[in-house]
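# Residue-level structural notes
Here's the letter readout for the chains.
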2 protein chains.
Amino acid sequence: MHPTEIVLSPRLRSTPYEARVFENGIKTFTIYNHMTLPVNFTSVEDQYHHLCEHVQLWDVAAERQVEVVGPDALRLVELITPREVAHCKVGQCIYAPLADEDGLVINDPIILRLAEDRFWISIADSDVKFWIKGIAYGRGFDAKVFEPDVSPLAVQGPKADDVMAELVGEDIRALKFFRFIETDIAGTPVVLARSGWSGQGGFEIYLQDSSKGLPLWDAVWAVGQKYNIRAGSPNQIERLETGLKSYGSDMTHDDNILECGFERYLNLDKSAEYMAREALQQISRDGVRRKLCHVEVQGAALPALRERWALQSDGRKVGDASSCAYSPKHQANLLFAMLSSEVSTPGTELSLVVDGSAHQAIVRDERWK
Amino acid sequence: MHPTEIVLSPRLRSTPYEARVFENGIKTFTIYNHMTLPVNFTSVEDQYHHLCEHVQLWDVAAERQVEVVGPDALRLVELITPREVAHCKVGQCIYAPLADEDGLVINDPIILRLAEDRFWISIADSDVKFWIKGIAYGRGFDAKVFEPDVSPLAVQGPKADDVMAELVGEDIRALKFFRFIETDIAGTPVVLARSGWSGQGGFEIYLQDSSKGLPLWDAVWAVGQKYNIRAGSPNQIERLETGLKSYGSDMTHDDNILECGFERYLNLDKSAEYMAREALQQISRDGVRRKLCHVEVQGAALPALRERWALQSDGRKVGDASSCAYSPKHQANLLFAMLSSEVSTPGTELSLVVDGSAHQAIVRDERWK
């Protein structure tokens, strides 16, 4: 496998920030929700160290929104997730994995409640809009479901609060995690949330007019100069250390929601109707057969992972690793892997097979201990 | 905009043929249905000339299938398209654009009827599976909807018949357009259809076991040697000349199905229930306001198109071009563009704006005349 270019055509949608991404010397992209998502400006390692120390500006417009609005909006959003949505207040975000009638994962979005009857579902990489539209049509719900012109820009890292305080005022420091306000930046209305796909703290700025992307980028960039701001992106090392799973890699529509470590967010007995109830209650009674786990491999950094790597126990395949990064903090390779339940206990020793070679691996807990 | 690499992770699924694609020196990829789709091995021009003269092997595994099977399968498939499906015989393929309850395009697949109650919907780049699953759930239909382990490999070009005749026997030459048979190649069962995303003729081989991709590729490759077979891909020049539109570029979920030039395939009065009926009959009565058109620009080759280009008439914006290629055959740039109906008549002169410069453009008919 050698490096290959990506051909950017209108089908792979551009973002409102893309000109700045190129000006900052982007080297690699991925595609996410039919849109470009920047990956590397320098190197994953360099960007990791900078992210953990300073502040970065991320073009995460590819985190698209599905807006659900109307008299049946709450009923519809409750229907698609085993998480309790009614308790989510206006101005609040919740992490709410979506599950179909078989309990299989459709996506793991953040849901923002903008009004009693209006939600943004901020999605990972699958066309959730079409699924919800199909359900709303089939059930005859009175709700509009569409993709609004909304493109998040993330400000992540320990100095994110300093940057945002200069930009919108000191009060922003008091904004709680997973809460948002509506304000103006660079003359354009934005939803500003304390959230983002890293464990380093920060904000997501939901731009609502794609023609204003560059002024918004430039406003944050100008204030960020004295904090050593750089263009960045969700970082593979940092997300492994923090334990952030990626839909499409670590869990897919082949996995049921109880296998993915989401239990703490769910309420299988919630009072509202949800389509996965019967399937999940059955799985819950029977017990899950697989578990999404943290696995560590000591020694030198492993190569880039293109396809899943097998994990074995006594020569028998017991799972697959789906993400990997070498962590400077842990001085080890960190992996996410879907494992048979009987080998999912922290401390269990396994064998990881990479290009025909076996490496000693050990199951860890969620804090990599 | 400078060339950028793509980062291949498990989220961007590999295909059963990918090892051969790399061995043949792939230079550029696109991403399609969360999967790699090869673009350039040499250059678009070189591959165009070879495709029109010889035969090529295309890894089009990214054309994923949505299988719909069960007692309500036909009812469900009828529901999602304004094309008549009941008339499609077992062993036949039909081009059947999908439309939602507002008449907007969800995808423009080929549908293969494998049995009276079993269909493969061979999709362009959107998660049709989730949409159909949502509808089936919402309506309580008795049908299973899933993505089977099916990965098409296309054999395209004027010598495709010679290659396939050597591989599966002379009878294959008599297979009609958009008909398929079930047979074995390289010891694995395949669905073999006369179809493919070019106007040069050829076949699509639907592999049904992804572990058999390389033997299948190698079997076609071996027979193809004396016909000058090469690794190739859907070709931008050829598809413009042939008039093949691409979902996500040329038409999207923002466009209604009657604006896209699909009329010849549709029957708005079909007897079966379909969800777009009311919307499309209304649009049909009112007349469409826009039309997906063929537009020609004389002169030197235009640059690569990243985002849509505006088309103007008397200084007023009247549309957008979404695809472009310089055609050696027509000695001109060929473009697809969504235009206001009043400027959609062949022969209409317009102005195309590329990077601030205006170019004279002319609307053509579907044969570029």
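Residues numbered from 1 in each chain as written. Chains lettered and ligands numbered in written order. Predicted model: local features only at pLDDT ≥ 70, side-chain atom pairs only at ≥ 80, totals over all residues.

## Examining the relation of the copies chain A and chain B
As a reminder of what qualifies: Least-squares fitting of one copy onto the other uses the C-alpha atoms of those residues that reach a pLDDT of at least 70 in both copies. By definition, residue pairs are in contact when their C-beta atoms, positioned from the backbone, come within 7 Å.
When chain A is fitted to chain B, the best match, at an RMSD of 0.0 Å, comes from turning it 180 degrees and sliding it 0.0 Å along the axis. Both chain copies can therefore be described as sitting about a two-fold axis. Interface overlap between copies is the fraction of interface residues in one copy that are interface residues in the other; for chain A against chain B it reaches 100%, indicating a shared surface.

## Comments concerning the packing of helix α5 (residues 160-168) of chain B against helix α6 (residues 213-224) of chain B
Residue and element names in this part refer to chain B. Keep this limit in mind: Every axis corresponds to a line fitted to the C-alpha atoms, with the helix fit spanning only the stretch in contact, and the corresponding angles, defined between N-to-C directions, vary from 0 to 180 degrees. Secondary structure elements follow DSSP: runs of H or I of four or more residues count as helices, runs of E of two or more count as strands, with numbering from the N terminus. The handedness criterion is simple: a crossing whose near helix is rotated anticlockwise from the far helix by less than a right angle is left-handed, and one whose near helix is rotated clockwise is right-handed. For this classification, Asp, Glu, Lys and Arg are treated as charged, while Ala, Val, Leu, Ile, Met, Phe, Trp, Tyr, Cys and Pro are nonpolar and the rest, including Gly, are polar.
α6 packs onto α5 with a crossing angle of 115 degrees between their chain directions and a minimal axis gap of 9 Å. The way α5 lies across α6 gives a crossing that is right-handed. Contacts between α5 and α6 involve Val163, Glu166 and Leu167 on the former and, on the latter, Ala219, Val220, Val223 and Gly224. Looking at the contact of α5 with α6 residue by residue, the classes come out as 5 nonpolar, 1 polar and 1 charged.

## As for the sheet that holds strand β13 (residues 180-185) of chain A
Pairing between the strands of a sheet is mediated by backbone hydrogen bonds and can be parallel or antiparallel. All names here are of chain A. Our working rule: At least two bridges found by DSSP between two strands are what make those strands a pair.
Pairing is mixed across the open sheet formed by 6 strands, whose spatial order is β13-β14-β15-β12-β4-β16. Sheet topology places β13 and β16 (230-232) at the edges, where each strand pairs with a single neighbour. Ignoring strand direction, the axes of neighbouring strands in this sheet form an average angle of 30 degrees. Where strand β4 (residues 56-59) and strand β12 (residues 151-156) come together, 4 bridges link them in antiparallel fashion. Residue pairing in the sheet places Gln56 in a bridge with Gln156 of β12. This element, helix α5 (residues 160-168), spans β12, β13, β14 (188-193) and β15 (202-207) of the sheet and lies at about 120 degrees to β12.

## Focus: the interface of chain A and chain B
Contact residues are listed per partner, giving 46 residues for chain A and 46 residues for chain B. Listed by contribution, the elements that provide at least two residues to the side of chain A that touches chain B are β1 (5-6), β2 (28-32) and α4 (128-139) of chain A. The leading source of residues in the side of chain A that touches chain B is α4(A), at 9 residues. Looking at the side of chain A that touches chain B residue by residue, the class counts come to 20 nonpolar, 14 polar and 12 charged. Where β2(A) meets strand β1 (residues 5-6) of chain B, 2 bridges bridge the pair, whose relative direction is parallel. In the sheet register, A:Phe29 faces β1(B), and the bridge partner there is B:Ile6.

## Describing the environment of B:Gln236
All names here are of chain B. The line we're drawing: Here exposure depends only on C-beta density: within 10 Å of a residue's C-beta, 20 or more other C-beta atoms make it buried, 12 or fewer make it exposed, and intermediate numbers make it partly exposed, the C-beta atoms being placed from the backbone.
Within the secondary structure, Gln236 is located in helix α7 (residues 236-242). Gln236 gets classed as buried once you count the C-beta atoms within 10 Å, which come to 24. In the structure, Gln236 is positioned 197 residues away from Val39 in sequence and 9.1 Å away in space, judged by C-alpha atoms. Beyond its immediate chain neighbours, meaning those up to four positions away, Gln236 contacts Val44 and Ala325.

## As for helix α2 (residues 44-53) of chain B
Our working rule: Read the arc as the range of directions from the helix axis to the C-beta atoms.
For α2(B), every residue scored as buried is listed here: B:Gln47, B:Tyr48 and B:Leu51. An end-on view of α2(B) places all buried positions within 105 degrees of arc, on one side of the element.

## Things to note about unusual backbone geometry
In the Ramachandran plot, A:Ala186 falls in the positive-phi region, its phi being about 55 degrees despite a non-glycine side chain. Examined against the element boundaries, A:Ala186 turns out to sit in the loop between β13 and β14. Positive phi values are uncommon outside glycine, yet B:Asp314 reaches one of about 50 degrees. Tracing the sequence through the fold places B:Asp314 in the loop between β18 (309-313) and β19 (316-327).

## Section: the domain arrangement of chain A
All names here are of chain A. The criterion, for reference: Domain borders in the structure are assigned automatically or taken from a domain database.
Domain assignment breaks chain A into domain 1 (18-60 + 150-240), domain 2 (65-132 + 256-287) and domain 3 (289-369). Of the residues lining the interface, 9 residues belong to domain 1; the matching set on domain 2 comes to 10 residues. In the side of domain 1 that touches domain 2, the residues fall into 6 nonpolar, 2 polar and 1 charged.

## Considerations on α5(A)
Residue and element names in this part refer to chain A. Ala160, Asp161, Val163, Met164, Leu167 and Val168 are the residues of α5 that are buried. End-on view of α5: buried residues confined to an arc of 160 degrees, all on one side of the axis. On the buried face of α5, the contacting elements are β12, β13, β14, β15 and α6 (213-224). In the stretch just after α5, Gly169 is the one whose phi turns positive, near 110 degrees.

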